[in-house]
Amino acid sequence: MDSIRVRLGLLGLALLTGFTVPTAASAAEAAPSPTVEEQRLDRAVPREILRRSGFDSVAPRLARALDEARSYAQARRVVAHEGAQLWRRAVDRAQGRGPAGGDLSRDDDRPLYWARLGMTREVRVWEPEFGLTDGQRAALLDELERTSRGQTALRYPHGKGLKRILVTGFDPFTLDRDIRISNPSGATALALDGTVIETADGPARIETAVFPVRWRDFTEGTVERTLRPHLPEVDLFTTVSQGRVGRFDVERTNGAWRGGFADNDNIGRTETVPVTDPASQPQWTTTTLPYRAIVAADTGRFPVYDNTSVTEIPAGGTEPVVRPEGPTPGSTARAGGGGDYLSNEIAYRATLLRDRLGLHDVLPGGHVHTPVLQFGAGNTTEVTDAEFVRNRLDIITQVRTILRVAAEES
């Protein structure tokens, strides 16, 4: 708070004397306003979720630490430390370690989401005495995003006899429709990170990360930057997101198209998925997960489907056509099995990266859609209920079983 008092004092002097207020550093830029996503923090539901999990202390702690920073380098260390601590705290809470911090169930992914937004808002509006350039502020936000999502903490033990599985999840989304929403894929990532499952072939270690529901981050390459170092070392990967009501889907085909649905910042994109080297970009990529075995296995309460349907513009055509059995030769993508939103895009990007790394024939990977996480009947206002928790726990357990089946068949 010292820097704020200094600025107010200078402003008062300028108003009295007519002189211009000197800036702390010539390279400093005015702090930007909070984003649409961050502005939702002021609503009652996010505040309740943070309070009932004990995560309401996260953003204020970061603000205090930043106020003590005396250089950009020190601020970057603070942000990296606090971001990593948030991820670890969320994983520990989900896996039953340490205090619960409140009466919200431990399997809940929403405290991580809202606490991270509180932290990014603090960084976005922070105005230190030493000044920040736009580039420095962007780098601090990037560091915070990556560390608080587990993207920088993907590490597997060395040695033989242990399979390596990589799983990704997503933030909650469609929050203007219902701000109480939780994303079971994000909850699954927290529940499974660093855990070991026993398969018929021996143990398998799972490492996870969570991604934002924002077109801009995907355009800037967050998926490739996170996955590229690890795909060559893992034995299996799957991106996971929330999909359809009452069912799991293993998505057979992914399409190179963005359909325009608004993201968490209420921004839409309608275009071909932007990637490096677009001249060699395919319209479609395919799963290499053992989908037949997954669908055939008894993995849990929800049915699991091999989803082959896509929407395409046929070669020589002009209008989109739904193809239940998959794309036809020479067609242009308009929706993969997982649609035309960021679920489809993360699947497309991850499997395209797999193929560009020369791993198509040796690395099982693809996308799994979970059921929609639903509240109990009649609950339109409460942030949680018994049926909501049961549904989320059942989805997490079934994803774990799907991973075991996939690992045994790979």
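Rules used throughout
- Residues numbered from 1 in each chain as written.
- Predicted model: local features only at pLDDT ≥ 70, side-chain atom pairs only at ≥ 80, totals over all residues.
- Heavy atoms only, no water.
- Helix = DSSP H or I, 4+ residues; strand = E, 2+ residues; numbered from the N terminus.
- Rg over C-alpha atoms; globule rule 2.2 N^0.38 Å.
- Areas by Shrake-Rupley, 256 points an atom, 1.4 Å probe, with all protein chains shown as cover.
- Lys, Arg positive; Asp, Glu negative; His and termini not counted.
- Charge placed at Lys NZ, Arg CZ, Asp CG, Glu CD.
- Pairing = 2+ DSSP bridges.
- Axes fitted to C-alpha atoms, helices over the stretch in contact; angles between N-to-C directions.
- Phe/Tyr/Trp six-rings, centres within 6.5 Å; stacked < 30°, edge-to-face > 60°.
- Buried < 20%, exposed > 50% of the residue type's maximum accessible area, 1.4 Å probe, protein only.
- Lys NZ or Arg CZ within 6 Å of the ring centre and 35° of its normal.

J.: I'd like a rundown of the overall build of the protein, residues and numbers included.
T.: The helix and strand tally for the protein stands at 13 helices and 14 strands. The C-alpha atoms of the protein give 23 Å as radius of gyration, which agrees with the globular expectation for 410 residues (22 Å, within 12%). Judged by the C-alpha coordinates and their principal axes, the protein covers about 75 × 50 × 50 Å. A total of about 17500 Å² of accessible surface is found on the protein, and carbon and sulfur atoms cover 53% of it. For the protein, the centre of its 51 positive side-chain charges and the centre of its 55 negative side-chain charges are spaced 2 Å apart.

J.: Explain the sheet that holds strand β13 (residues 332-335) to me, using residue names and the numbers behind them.
T.: In space, the 3 strands of this open sheet follow the order β12-β11-β13, with antiparallel pairing throughout. Single-partner strands in this sheet number two, and they are β12 (321-323) and β13. Each adjacent strand pair in this sheet contributes to an overall mean axis angle of 45 degrees, direction not counted. Here strand β11 (residues 310-313) runs beside β13; their pairing, made up of 3 bridges, is antiparallel. Among the inter-strand pairings, Glu312 is bridged to a residue of β13, identified as Ala333.

J.: Lay out the packing of aromatic side chains in plain terms, naming residues and giving numbers.
T.: All told, the structure shown has 9 aromatic pairs when counted by the stated rule. Ring centres 5.8 Å apart and planes at 75 degrees place the aromatic pair Trp126 and Phe130 in the edge-to-face group. For the ring pair Phe170 and Phe218, a centre distance of 6.1 Å and an interplane angle of 10 degrees mean the geometry is stacked. Taken together, the positions of Phe170 in strand β1 (residues 163-170) and Phe218 in helix α9 (residues 215-219) put the pair 48 residues apart, joining distant regions of the chain. A residue is classified by how much of its surface remains accessible, and Phe218, at 0% relative accessible area, is buried. Chaining the aromatic ring pairs together yields one cluster made of Phe173, Trp215, Phe261 and Tyr341. The residue whose ring lies beneath Arg247 is Tyr305, and the NZ or CZ to ring-centre distance is 4.1 Å. Over the ring of Trp257 we find Arg334; its NZ or CZ atom is 3.6 Å from the centre of that ring.

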